[in-house]
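One-letter residues, chain by chain:
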Amino acid sequence: MRVYENILEELYKILQPFVPQGLKIGEETDLVADLGLDSLKVMNIVESVEDRLDISIPLNILPEVRTVKDFAVQIQKLIGDG
Amino acid sequence: MSIFDKFQQLAATRRELEKSCDTFFNIVMEEIISGTEAVINGRPTILAGSNNYLGLSFDSDCIDAACEAVRKEGTGTTGSRMANGTFAGHLALERELAEYFGRQSAIVFSTGYVANLAILSTLVGPGEVILLDADCHASIYDGCRLGGAEVIRFRHNDAKDLAKRLRRLEKRNTNVLVVAEGLYSMMGDRAPLADIVAVKRKYGAYLMVDEAHSLGVLGKNGRGLAEEAGVEDGVDFVVGTFSKSLGAIGGFCVSNHPELNLVRYASRPYVFTASSSPSVIASTRAALKILQTGSELRQRLWENANLLYNTLQNLDFAVGPEASPIVAIQLEDKAEAFALWSGLLENGVYVNLVLPPATPDGNCLLRCSVSAGHTPEQMDRICEAFTAVRKAVKTG
């Protein structure tokens, strides 16, 4: 089973192209306020995560996701659910 | 802090858009001349951005049926289908739809939007899964949201991606409903329905197809993409609307699962809405009769569709992947989109200008749609207008 840190690592890689210059991405980075992601970009990122981790991410969890940490926690739950 | 604060971003966007194009928010059909022409800004304008695919909104049989019904049965039912709002006409239309589609059951809804809301929020519940094509219409997304099911997107028109997601769900051993559309409303492309049916069969899922834009347009008898692709028996639920090819307003779902009839009792969007007014039901029934014998209309529609698609392709516009009655031009530059749209309007042609996030890939779209009701002269004028604006915007 992938551990939380591995998921974070994957997320940092996927989100890197969206990180503005001068900002260091971390668990508390806000996907909308800090990275300026709109709904289209979020969906593209979701697809990238799904491909990398071979999971399907339900749309239902997205309202719970504000920060990178929130996203990682939800992904960990999904992987745990199998 | 005001309850309206959250709309300030919207207000700023609107102000910005109005600066680029002050007519964008002010399109009013001041006078309706025919199903394909209206007065806009005081000027007769050809409508190349409606969904009146067969041009039936002004058909004399449909108008006569509506007039007769309104005189006999009044302007509205004033009640829900579950109370006083089921008239004989509603039941007759359900029978006729079931017969037309060769299915056991049919439910009529007050709008196409309500049909998707009602079916998706009721048919699939907590613990079950909806797998929907990423480019599905907002009504499908909203229906999913209203119910308690888990909602997962698959990549647009990608049956392999769908299969991958169904494989991931296998060990969950739960009910899965796959949702796709016959013709996608923005780009006018068909779903790869034979592939989708093969995948859903392999994994034992259910399949719902929204034929809103393909009813009357595809298939020998106009039953939509499932008929054209020869996979009607692989589609569990067909949803559609009366507000496009049938020229009225309303929606429906047909199925061979006899239990569909039970869905109506559990469906809040069905129970808590007033039913369609008698005139709407009457004109829809008349239009459905025409649609069943409408191969000439379909032929004219496709001639017009191919003409516009080829013309726009020859003008080097970035059109969608295949010819269809919906011909969309993708534009990266918002200013160019506004210039072309306004130019077309000045040349007497109205098309839909669709801006992100309502578009599939974040580009702007000039969404044009043709009708069997467009005369050869109107088609010439539409093509000439595109040629003129292409030249003007390129050189301007």
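Note that the coordinates shown come from a computational prediction; the quantities given were computed from them, not determined experimentally.

(A) Spatial organisation of the packing of helix 2 (residues 60-73) of chain B against helix 11 (residues 278-292) of chain B. Residues and elements named next belong to chain B. Taken N-terminus to C-terminus, the directions of helix 2 and helix 11 make an angle of 150°; their axes are 7 Å apart at the nearest point. Here helix 11 runs roughly antiparallel to helix 2, going by the angle between their axes. The handedness of the crossing between helix 2 and helix 11 is right-handed. In contact with Asp 61, Cys 62, Ala 65, Ala 66, Glu 68, Ala 69, Val 70 and Glu 73 of helix 2, helix 11 contributes Pro 278, Ser 279, Ile 281, Ala 282, Ser 283, Arg 285, Ala 286, Ala 287 and Ile 290. Its residues assigned to classes, the contact of helix 2 with helix 11 shows 11 nonpolar, 2 polar and 4 charged.

(B) Spatial organisation of helix 2 (residues 39-53) of chain A. Residue and element names in this part refer to chain A. Here helix 2 spans 21 Å end to end across 15 residues, near enough to the 21 Å set by a 1.5 Å rise per residue. Within the sequence span of helix 2, burial applies to Ile 45, Val 46, Val 49 and Glu 50. Projected down its long axis, helix 2 carries its buried residues within an arc of 140°, all on one side. Once helix 2 finishes, Asp 54 follows within two positions and takes phi at roughly 50°, a positive value.

(C) Seen up close, the nonpolar core. Within the largest apolar cluster, 118 residues are counted, with the highest numbers of intra-cluster contacts made by B:Ile130, B:Leu131, B:Ile196, B:Cys253 and B:Leu366. It is helix 4 (residues 112-123) of chain B that contributes the most residues to this core, 8 residues altogether. Mapping this core onto the domain boundaries places at least three of its residues in each of domain 1 (7-47 + 295-395) and domain 2 (59-292) of chain B. Ranked by size, the runner-up nonpolar core spans 11 residues in total, among them A:Leu11, A:Val46, A:Phe71 and A:Ile75.

(D) Up close: the sheet that holds strand 11 (residues 326-331) of chain B. Residues and elements named next belong to chain B. Spatially, the 3 strands line up as an open sheet ordered 11-14-13, and their pairing is antiparallel. Only two strands of the sheet have a single neighbouring strand rather than two, namely strand 11 and strand 13 (352-354). Strand-to-strand twist of the sheet, defined as the mean angle between neighbouring strand axes without regard to direction, takes the value 25°. With 3 bridges connecting them, strand 13 and strand 14 (residues 364-369) associate as antiparallel partners. Among the inter-strand pairings, Val 354 is bridged to a residue of strand 14, identified as Leu 365. Across the face of the sheet, helix 12 (residues 295-314) comes into contact with strand 11 and strand 14 while running at roughly 20° to strand 11.

(E) Spatial organisation of the environment of A:Gln16. Among the structural elements, A:Gln16 can be located in the loop between helix 1 (4-15) and helix 2. Look at A:Gln16 and you get exposed, because 9 C-beta atoms sit within 10 Å.

(F) Representation of the interface of chain A and chain B. Each partner contributes residues to the interface: chain A has 9 residues there, and chain B has 10 residues. When grouped by side-chain class, the residues that make up the side of chain A that touches chain B number 4 nonpolar, 4 polar and 1 charged.

(G) Expanded view of the domain arrangement of chain B. Residue and element names in this part refer to chain B. Assigned domains of chain B: these are domain 1 (7-47 + 295-395) and domain 2 (59-292). On a C-alpha basis, the centroid separation for the pair domain 1 and domain 2 is 27 Å. With 15 residues of domain 1 at the contact, the number on the domain 2 side is 12 residues. Looking at the side of domain 1 that touches domain 2, the elements with two or more residues in it are helix 12, strand 11 and strand 14. Top contributing element to the side of domain 1 that touches domain 2 by residue count: strand 11, with 3 residues. Of the residues that constitute the side of domain 1 that touches domain 2, the class distribution is 9 nonpolar, 3 polar and 3 charged.

(H) Looking closely at the environment of B:Ala66. Residue and element names in this part refer to chain B. Position of Ala 66 among the secondary structure elements: in helix 2. When the C-alpha atoms of Ala 66 and Val 280 are compared, they prove to be 6.4 Å apart, with 214 residues separating the residues in sequence. With residues up to four places along the chain from it excluded, the contact list for Ala 66 reads Ser 279, Ala 282 and Ser 283.

(I) Geometry of the packing of helix 1 of chain A against helix 2 of chain A. All names here are of chain A. Their axes nearest at 10 Å, the elements helix 1 and helix 2 cross at an angle of 135°. Between helix 1 and helix 2, the crossing angle belongs to the class labelled oblique. Between helix 1 and helix 2 lies a crossing of right-handed hand. Here Glu 10, Ile 14 and Leu 15 of helix 1 come into contact with helix 2, specifically with Ile 45, Ser 48, Val 49, Arg 52 and Leu 53. Looking at side-chain class alone, the contact of helix 1 with helix 2 contains 5 nonpolar, 1 polar and 2 charged residues.

Analysis parameters
Residues numbered from 1 in each chain as written. Chains lettered and ligands numbered in written order. Predicted model: local features only at pLDDT ≥ 70, side-chain atom pairs only at ≥ 80, totals over all residues. Axes fitted to C-alpha atoms, helices over the stretch in contact; angles between N-to-C directions. Helix = DSSP H or I, 4+ residues; strand = E, 2+ residues; numbered from the N terminus. Parallel < 35°, antiparallel > 145°, perpendicular 65-115°, else oblique. Left-handed = near helix turned anticlockwise from the far one by under 90°. Contact = placed C-beta atoms within 7 Å. Nonpolar A, V, L, I, M, F, W, Y, C, P; charged D, E, K, R; others polar. Expected span 1.5 Å × (residues − 1). Buried ≥ 20, exposed ≤ 12 C-beta atoms within 10 Å, placed from the backbone. Arc of directions from axis to C-beta. Core = buried A, V, L, I, M, F, W, Y, C linked by C-beta atoms within 7 Å. Domains from an automatic or database assignment. Pairing = 2+ DSSP bridges.

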